[in-house]
Amino acid sequence: MIEVENLDFTYKKGKKNAVDKIDFCIDKGEIFGFLGPSGAGKTTTQRILIGLLKGYHGSVRIMGKERSSWNRDFYDNVGVAFDFPNLYQKLTALENLKLIQSYYSGESQNIEELLDRVGLLADKDKKTESYSKGMKMRLNFVRAIMHDPEILFFDEPTSGLDPVNAKIIKDIIVELKNRGKTIFLTTHNMTVADQLCDRVGFIVDGRLEVVDRPRELKVQYGEPTVKLEYYEADSSRTMEFRLEDISQNEDFFNTVKTKIIKTIHSQEATLEDIFIKLTGRELL
């Protein structure tokens, strides 16, 4: 659905490439996480893909067609939700959505059902200038998905949301994936990426450092040990065992058999640990 080859972009007043010869592809029905700190090139790449930035070098093919060759019907096929919602402040939520709905040629989903799903139905007739950031984020999300596009671009989709509403948004994203939608998700929230993404790409200073499945990255860069925590008397103790010879380790089996186990798990690295290890940068 998305094929990017040797993509290169420099802003007119920029002294270095904002995006520096990156390559990746995204299959239909895949959630692809584009991860990196602020200023890494995430938003620039997204803006190129959706057509807000021109003058790129390299190839960007969306649904088999070069991005620069698409006309306005491109936007019937994509939905976009930026981190900073751009809404008509003097219009109500319902008026905002109906106005945007009129821009699309196809049929839209039931707006009130979508508002109900994200907890905004009761506030549909309030002007959005009175909305909190979290409410604006949820309305912006509905605006991106209401015309049932094939490709969705989400920029920090859970930013400013409490855990309950963040879960609602994440659940809907998974449902969209299960319906065959292709999702490009930019974030610096590694927990969200780990929960949602089929594959992730790490970008720093415009360069794409690695692309892989979160599970594979965590196994590859994690410690090959098992950490065992157990109770002894009135306290808890911890032991670690190497995975490669654990089947022959008598101490491990004796502990499991004779102690009350508190926790046991392999020592996988987190995506943030891996990002720092590969790039030398922290997510800020």
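Just above sits the structure.
The rules behind each value
Sequence order as written defines residue numbering, which begins from 1 separately in each chain. In view of the model being predicted, local features appear only for residues whose pLDDT reaches at least 70, and side-chain atom pairs are presented and counted only at 80 or more, with totals across whole chains, interfaces and linings using the full set of residues. Side-chain measures were taken over the full set of non-hydrogen atoms in the model, leaving aside hydrogen atoms and water. Within this document, salt bridges are pairs made up of a side-chain nitrogen of Lys or Arg and a carboxyl oxygen of Asp or Glu, the two lying within 4 Å of each other. Strands are runs of DSSP state E lasting at least 2 residues, helices are runs of H or I lasting at least 4, and numbering of each runs from the N terminus. Note on classification: 1.4 Å probe, protein chains only; a residue is buried when its accessible area is under 20% of the maximum for its type, exposed when over 50%, partly exposed between these limits. In the analysis that follows, any N or O atom pair within 3.5 Å is treated as a polar contact, provided that within protein one partner can donate a hydrogen and the other can accept it, and provided that, for residues neighboring in sequence, both atoms belong to side chains. Any pair of residues with heavy atoms lying within 4.5 Å of one another is described as a contacting pair. Directions drawn from the helix axis to the C-beta atoms are what define this arc. Whether two strands pair depends on DSSP finding at least two bridges between them.

Q: Give a description of the pattern of salt bridges that names residues and reports values.
A: This structure, assessed with the given rule, holds 18 salt bridges. Asp8 serves as the salt-bridge partner of Lys21, at 3.4 Å between the closest nitrogen and oxygen. Taken together, the positions of Lys21 in strand S2 (residues 19–26) and Asp8 in strand S1 (residues 2–9) put the pair 13 residues apart, joining distant regions of the chain. You can call Asp8 buried: its relative accessible area is 11%. The salt bridge involving Arg237 is made with Glu232; its shortest N-O contact spans 2.6 Å. Each member of the salt-bridge network shares a partner with another, and the members are Lys28, Asp148, Glu150, Arg179 and Lys181.

Q: Residue-level account of the side chain of Lys218, with values.
A: Here Lys218 lies in helix H7 (residues 214–221). Judged by its relative accessible area of 13%, Lys218 falls in the buried class. A polar contact is formed between the side chain of Lys218 and the side chain of Asp194, at a distance of 2.9 Å. When sequence neighbours within four positions are dropped, the list of residues in contact with Lys218 reads Asp194, Glu268, Ala269, Leu271 and Ile274.

Q: Give a detailed account of helix H9 (residues 271–279), specifying residues and quantitative values.
A: Think of an α-helix as turning once every 3.6 residues; residues three or four places apart then point the same way. Those residues of H9 that sit buried are Leu271, Ile274, Phe275 and Thr279. In an axial view of H9, the angular spread of the buried residues amounts to 105°, which keeps them on one side of the axis. Backbone geometry just downstream of H9 places Gly280 in the positive-phi region, at approximately 70°.

Q: Give me the pairing of strand S4 (residues 57–62): which residues, what numbers.
A: Sheet topology note: the S1/S4 ladder contains 5 bridges and is antiparallel. Within S4, the residue paired with Glu3 across the bridge is Arg61. Pairing of S4 with strand S5 (residues 65–66), which is carried by 2 bridges, proceeds in the antiparallel orientation. Bridge assignment links Arg61 to a residue of S5, and that residue is Glu66. Following S4, the chain reverses through 2 residues before pairing antiparallel with S5; Met63 in that reversal takes a positive phi of roughly 55°.

Shape is all these values report; function is a separate question.
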